[in-house]
Amino acid sequence: LTTEALRNRMQKAFEKGVECILATQIVVGGQPTIWCQQHDHETLLPAPARAYELASYCPVESAQILRLLMDLPHPSERVCRSIDGAMAWLERHKLTGIRLENFRNEEGRRDVRVVQDAGAPPIWARFYDLQTEKPFFCDRDGIPRPELSLIGYERRTGYSWYNNKPAQLFPLYEQWKKRHGRG
């Protein structure tokens, strides 16, 4: 293959990848939201992974996807709608007034808990239920629970249940909107 042919082939593969990203975005009531951690390879619908990784809205993975989409030099209107919809979803689902606190439990082991903190920056849960859009936490039994404190020590301390990665997108989004005349 010539360098030009290889470049064209790579560009087409990248464009197919972007199409796949757009096709897997969860759409509710005609509005694009964010993405699941994994999607079924045939139906493209949200899919579970490990027992504690149920099909759900996943802000951290979505933040990485949004960074890629915002870096596209000439985004289509479909890409722009995708970005706008996902950023609106992240804004609506940010969690404020709480933070994670590391502490030593009664057994002297490192543990983590959620505490109230009015000054804490926004964070997002790892998973949000596909029906209720509320955060959930899951043990190896695959049963979603509404609070981190309701899952066992091993999963509570051995997984990233909250994250602030989406917060880093908001200044980038403002710049992106200016660059592309959206806002």
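Criteria and cut-off values
Residues numbered from 1 in each chain as written. Predicted model: local features only at pLDDT ≥ 70, side-chain atom pairs only at ≥ 80, totals over all residues. Heavy atoms only, no water. Phe/Tyr/Trp six-rings, centres within 6.5 Å; stacked < 30°, edge-to-face > 60°. Helix = DSSP H or I, 4+ residues; strand = E, 2+ residues; numbered from the N terminus. Buried < 20%, exposed > 50% of the residue type's maximum accessible area, 1.4 Å probe, protein only. Lys NZ or Arg CZ within 6 Å of the ring centre and 35° of its normal. Pairing = 2+ DSSP bridges. Polar contact = N/O pair within 3.5 Å; in protein donor to acceptor, adjacent residues only side chain to side chain. Contact = heavy atoms within 4.5 Å. Core = buried A, V, L, I, M, F, W, Y, C linked by side-chain atoms within 4.5 Å. 1 Å grid on protein atoms, 1.4 Å probe; cavity = no way out; pocket = protein on both sides within 12 Å on 5 of 7 lines; lining within 4 Å. Points joined across faces, edges and corners; volume = space filled by probe spheres on them. Nonpolar A, V, L, I, M, F, W, Y, C, P; charged D, E, K, R; others polar.

> Explain the packing of aromatic side chains to me, please; I cannot follow it from the model alone.
The geometry of an aromatic ring pair comes down to the distance between the two centres and the angle between the two planes. Scanning the entire structure with this criterion turns up 11 aromatic pairs. Judged by centre distance (5.8 Å) and plane angle (65°), the rings of phenylalanine 137 and tryptophan 161 are edge-to-face. You can see phenylalanine 137 sitting in strand β7 (residues 135-138) and its partner tryptophan 161 sitting in the loop between α4 (153-157) and β9 (162-163), a full 24 residues away along the chain. Both residues of the pair, phenylalanine 137 and tryptophan 161, belong to the buried class. Positioned above the aromatic ring of phenylalanine 103 is the side chain of arginine 113, whose terminal nitrogen or guanidinium carbon lies 3.8 Å from the ring centre.

> Explanation requested: the sheet that holds strand β6 (residues 127-128) in the structure shown.
Backbone-to-backbone hydrogen bonds pair the strands of a sheet. The strands run either parallel or antiparallel. Sheet architecture is open: 3 strands sit in the order β6-β7-β8, paired in antiparallel fashion. Each edge of the sheet is formed by a strand with only one pairing partner; in this case those strands are β6 and β8 (144-145). Pairing between β6 and β7: 2 bridges, direction antiparallel. Bridging from a neighbouring strand, tyrosine 128 pairs with proline 135 of β7.

> Would you mind showing me how to read the side chain of arginine 126 here?
The residue arginine 126 is located in the loop between β5 (124-125) and β6 in this model. A distance of 3.4 Å separates a polar side-chain atom of arginine 126 from the backbone oxygen of serine 160. Contacts of arginine 126, omitting those with residues within four sequence positions, involve Gln37, Tyr57, Cys58, Pro59, Glu61, Tyr159, Ser160, Trp161 and Tyr162.

> How should I be thinking about the environment of histidine 93 in this particular structure?
By the element assignment, histidine 93 lies in helix α3 (residues 77-93). Taking the C-alpha atoms as reference, histidine 93 lies 8.9 Å from tyrosine 128; in sequence the two are 35 residues apart. Setting aside chain neighbours within four positions, we find histidine 93 in contact with Trp124, Tyr128 and Glu133. At a separation of 2.8 Å, a polar atom in the side chain of histidine 93 contacts the side chain of glutamate 133.

> Any chance you could explain the nonpolar core here in plain terms?
Soluble globular proteins tend to pack their nonpolar side chains together in the buried interior. Counting 42 residues, the largest nonpolar core has Leu66, Leu69, Ile83, Trp161 and Tyr162 as its most contacted members. Of all elements in the fold, only α1 (3-24), α2 (59-70), α3, β5, β6, β7 and α5 (169-179) reach the threshold of two or more residues within this core. Here this core gets 7 residues from one element, more than from any other, and that element is α3. Excluding residues that lie within four positions of it along the chain, tryptophan 161 makes contacts with Tyr52, Trp124, Ala125, Arg126, Phe127, Phe136, Phe137, Cys138, Leu148, Ile151, Arg155 and Arg156.

> Would you take a moment to explain the pairing of strand β3 (residues 98-104) for this structure?
On any regular strand, side chains alternate: one points to one face of the sheet, the next to the other face. Note that β3 and strand β4 (residues 110-116) share 7 bridges and pair antiparallel. Considered in β4, the bridge of glutamate 101 is made with arginine 113. Turn length for the β3-β4 hairpin, with the two strands adjacent in sequence and antiparallel, is 5 residues, and the turn residue glycine 108 shows positive phi of about 80°.

> Before we go on, may I ask you to explain the layout of surface pockets in this structure?
Rolled over the atoms, a probe with the dimensions of a water molecule shows which regions are left empty. In this structure, the largest pocket spans a volume of roughly 160 Å³. Together, Gln11, Phe14, Glu15, Val18, Glu19, Leu22, Leu72, Pro73, His74, Pro75, Ser76 and Val79 line the largest pocket. A total of 6 residues in the lining of the largest pocket trace back to one element, the largest contributor, which is α1. Grouping the constituent residues of the lining of the largest pocket by class yields 7 nonpolar, 3 polar and 2 charged.

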